[in-house]
Amino acid sequence: MNNTIVAPATPVLKSAISILRLSGLNCIDIANRFLHIKNPKPRYAYRTSFYVNDKELDDVVAIYYKGPRSYTGEDMLEIFFHGNPIIIEKAIEALVDYGCSFASPGEFTKRAFLNGKMTLDEASSVELLINANTEKAVENALNMLKGKFSSFIEELRKEFIRIIANIEADIEFGYEDIEPLDINEIKKEINNLIYKLEEFYKKLKEQSYLYDGIKIAIVGKPNVGKSSLFNALLQKRRAIVSDIPGTTRDYIEDRLEINGFPVKLVDTAGIRKTDDPIEKEGINIAIEHMKEANVVLFMVDGSKELEEEDYFIYDIVKSLNTLVVLNKSDLGINSKTLDFFKNNAIIISIRNQENVEHLKNKVLYMLDLAEDGIYVSKRNKFLVAKALGSLKEAVLQDKTEVMMLYIREALDYLEEILGLITDENVLDEIFSTFCIGK
Ligand SMILES: Nc1nc2c(ncn2[C@@H]2O[C@H](COP(=O)(O)OP(=O)(O)O)[C@@H](O)[C@H]2O)c(=O)[nH]1
Ligand SMILES: [Mg+2]
């Protein structure tokens, strides 16, 4: 832990400047030896040179940060070189020869977390911020980094600790002259916490939709308008549209953004009985895509009666997260078809551009993303739900000792979110996805 790490903080490419970052106990020695700066003044931009064996390697600017007032909480150095990979590689080689280790992915941020500079959740947001692909995703990551999620959990944790301390005092000194705690008073407080946590939980949305994106597959029998919808959503002519069934035999995918969510849209081959081996393969791929999709748009020709092929596909998709799309409303809607799906379908006409925008909103609605919220990892959402479950158990108890066990359990879940209870495996998993130098 105390060894000094080094890594490039910018891509090693030809560029205006390239930054090397160091963190650990030896930063002052390194400043002296490689930059010829004695007793560096913290947060001061030094114009100097970087020397390897006293030979000048590059003309640089260097900043020293004295721990704990640094990103990692340790002593740090940031050296701004000219952006040439030869210089960077040579400098790293010299620093590693001197005894620095090359940082593993996310090691700077992991140290920041271990030194109490940020909560686990804030630390994970750093990577989200770097990898976000839409403006909305960037904004959310920054909010998380600033503690939008963890500060609420931290506040709640303080309340838990206060209640626990009260109960503990009561259990310990219960026989002395102190007025005993009224269990109903404690229950009132817990109910209050349950309410707060429930309201908070409602706002939590799954982060993966914002960062990994939403996968939408358009499926249906040939000629219902799948490729037309694909093009309409992308607002370009990407897939071939024709009235010849079997035109799309492979699958086509493209990306778009819906309300700031990155979306991967897949247009599949129409599913029907066929002897053509290529088309058959396309159909198998279509089935795989719809099983992987977050939302399946099952399209039928709403102007006609349903056919055997429609029923066949519907049988596969009805257990998935499926939105039924009745297309071609400009030709009139067949009442039998409408009745079959009752109110669970959206009626559109791509030809008349009717309801296509509304379809996008429906998709967000199906994933509980229509209203804005706080985007957290599956793990954190799960832990909040567990904490809530434990509190609900607590409030059912009649003995303060048992109640206390459940409150402690709930507290453990919150502390897991904050990373106060650390599991090495969880830490490794979180930081291993980071880029080098962060
Ligand atoms: N009347 C009408 N025709 C449509 C509509 N959408 C698509 N079509 C036509 O339906 C045919 C099949 O469309 P296509 O997108 O290739 O269907 P796919 O086989 O499901 O991909 C084409 O001739 C389209 O112009 C619509 O909303 N109304
Ligand atoms: Mg098609």
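In this text the structure is predicted, and so the values were computed from the model without any measurement.

Parameters and conventions
Residues numbered from 1 in each chain as written. Chains lettered and ligands numbered in written order. Predicted model: local features only at pLDDT ≥ 70, side-chain atom pairs only at ≥ 80, totals over all residues. Heavy atoms only, no water. Axes fitted to C-alpha atoms, helices over the stretch in contact; angles between N-to-C directions. Helix = DSSP H or I, 4+ residues; strand = E, 2+ residues; numbered from the N terminus. Parallel < 35°, antiparallel > 145°, perpendicular 65-115°, else oblique. Left-handed = near helix turned anticlockwise from the far one by under 90°. Contact = heavy atoms within 4.5 Å. Nonpolar A, V, L, I, M, F, W, Y, C, P; charged D, E, K, R; others polar. Near = heavy atom within 4 Å. Polar contact = N/O pair within 3.5 Å; in protein donor to acceptor, adjacent residues only side chain to side chain. Buried < 20%, exposed > 50% of the residue type's maximum accessible area, 1.4 Å probe, protein only. Pairing = 2+ DSSP bridges. Domains from an automatic or database assignment. Disulfide = S-S within 2.5 Å. Patch = residues over 30% accessible without salt bridge, like charges linked within 9 Å, V, L, I, M, F, W, Y side chains within 5 Å. Areas by Shrake-Rupley, 256 points an atom, 1.4 Å probe, with all protein chains shown as cover. Salt bridge = Lys/Arg side-chain N within 4 Å of Asp/Glu carboxyl O. Phe/Tyr/Trp six-rings, centres within 6.5 Å; stacked < 30°, edge-to-face > 60°.

Some words on the packing of helix α7 (residues 183–203) against helix α14 (residues 378–394)
- At a minimum axis separation of 10 Å, α7 and α14 run at an interaxial angle of 155°. In terms of orientation, α7 and α14 fall into the roughly antiparallel class. Along this stretch, α7 crosses α14, giving a crossing that reads as left-handed. Within the contact between the two elements, α7 uses Ile 190, Leu 193, Ile 194, Leu 197, Glu 198 and Tyr 201 and α14 uses Lys 381, Val 384, Ala 385, Ala 387, Leu 388, Leu 391, Lys 392 and Ala 394.
- Counted by class, the contact of α7 with α14 contains eleven nonpolar, no polar and three charged residues.

Remarks on the site of ligand 1
- Of all residues adjacent to ligand 1, which total 17 residues, the nearest are Asn 223, Lys 226, Ser 228, Asp 330 and Ile 350.
- One of the backbone nitrogen or oxygen atoms of Arg 351 is found 3.0 Å away from an oxygen atom of ligand 1.
- Per-element accounting of the shell around ligand 1 gives the leading share, three residues, to helix α9 (residues 226–234).
- Partitioned by chemical class, the residues of the shell around ligand 1 number five nonpolar, seven polar and five charged.

With respect to the pairing of strand β10 (residues 261–267)
- Of all seven residues in β10, six are buried; the element is thus mostly enclosed.
- Pairing analysis gives five bridges linking strand β8 (residues 214–220) to β10, with the strands arranged parallel. Counterpart to Ile 214 in the pairing with β10 is Val 263.
- Judged from the seven bridges that link them, strand β9 (residues 252–258) and β10 form a sheet pairing that is antiparallel. Within β10, the residue paired with Ile 252 across the bridge is Asp 267.
- Where β9 folds back on β10, the antiparallel hairpin that results is connected by two residues, among which Asn 259 adopts a positive phi of roughly 45°.

Here we look at the domain arrangement of the chain
- For the chain, the assigned domains read domain 1 (5–114) and domain 2 (120–418).
- For domain 1 versus domain 2, the separation of C-alpha centres amounts to 43 Å.

Some remarks on the state of the cysteines
- Under the defined criterion, the tally for this structure stands at zero disulfides.
- Here Cys 27 stays free of any disulfide, with the sulfur of Cys 100 as its closest cysteine sulfur at 7.6 Å.
- For Cys 27, a relative accessible area of 0% gives the class buried.

Section: unusual backbone geometry
- Cis geometry marks the peptide bond from Gly 67 to Pro 68, where omega comes out at 5°.
- You can see Pro 68 is positioned in the loop between β4 (55–65) and β5 (76–83).
- We note that His 36 has phi near 55°; this positive angle belongs to a residue other than glycine.
- Tracing the backbone through its elements, the reader meets His 36 in the loop between α1 (27–35) and β3 (45–52).
- Here Asn 259, not a glycine, exhibits a phi torsion of approximately 45°, which is positive.
- The topology assignment puts Asn 259 in the loop between β9 and β10.

Some points on the environment of Asp 372
- With respect to the helices and strands, Asp 372 occurs in the loop between α13 (356–366) and β14 (374–376).
- Excluding residues that lie within four positions of it along the chain, Asp 372 makes contacts with Lys 136 and Lys 205.
- Within the local environment of Asp 372, its side chain forms a polar contact with the side chain of Lys 136, the two groups lying 3.1 Å apart.

What to know about a nonpolar patch on the surface
- Where nonpolar side chains cluster on the molecular surface, the patch consists of Val 96, Phe 102 and Ile 436 and spans about 230 Å² of accessible area.
- With respect to the helices, strands and loops of the structure, Phe 102 is situated in strand β6 (residues 101–102).

A short note on the packing of aromatic side chains
- On inspection of all chains with the given rule, the structure shows 14 aromatic pairs.
- When the centroid spacing of 5.8 Å and the interplanar angle of 70° are considered together, the rings of Phe 261 and Tyr 375 count as edge-to-face. Here the residue Phe 261 occupies a position in strand β10, and Tyr 375 occupies one in strand β14, the gap between them amounting to 114 residues. Accessibility assignment for this pair places Phe 261 and Tyr 375 in one class, buried.
- With 5.8 Å between their ring centres and 25° between their planes, Phe 298 and Tyr 314 make a pair best called stacked. Separated by 16 residues along the polypeptide, Phe 298 in strand β11 (residues 295–301) and Tyr 314 in helix α11 (residues 308–317) bring together distant segments of the chain.
- For Phe 298, a relative accessible area of 0% puts it in the buried group.

What to know about the pattern of salt bridges
- One pass over the structure, following the stated rule, counts 24 salt bridges.
- A salt bridge links Lys 188 to Glu 185; the shortest N-O distance between them is 3.9 Å. With Lys 188 and Glu 185 both in helix α7 and three residues apart, the pair spans about one turn of that helix.
- By relative accessible area, Lys 188 is classed as exposed at 55%.
- A relative accessible area of 42% means that Glu 185 is categorised as partly exposed.
- Here Asp 368 makes a salt bridge to Lys 205, at a shortest N to O gap of 3.3 Å. Here Asp 368 is found in the loop between α13 and β14, whereas its partner Lys 205 is found in strand β7 (residues 204–206), with 163 residues between them in sequence.
- Several salt bridges converge on common partners, so that one network encompasses Glu 74, Glu 107 and Arg 111.

Section: the sheet that holds strand β13 (residues 345–347)
- If you trace the six strands from one edge of the open sheet to the other, you get β9-β10-β8-β11-β12-β13, paired in mixed fashion. Looking at the sheet topology across the chains shown, the edges are occupied by β9 and β13. Mean inter-strand twist for the sheet, computed between neighbouring axes without regard to direction, equals 25°.
- With three bridges joining them, strand β12 (residues 322–327) and β13 adopt parallel strand pairing.

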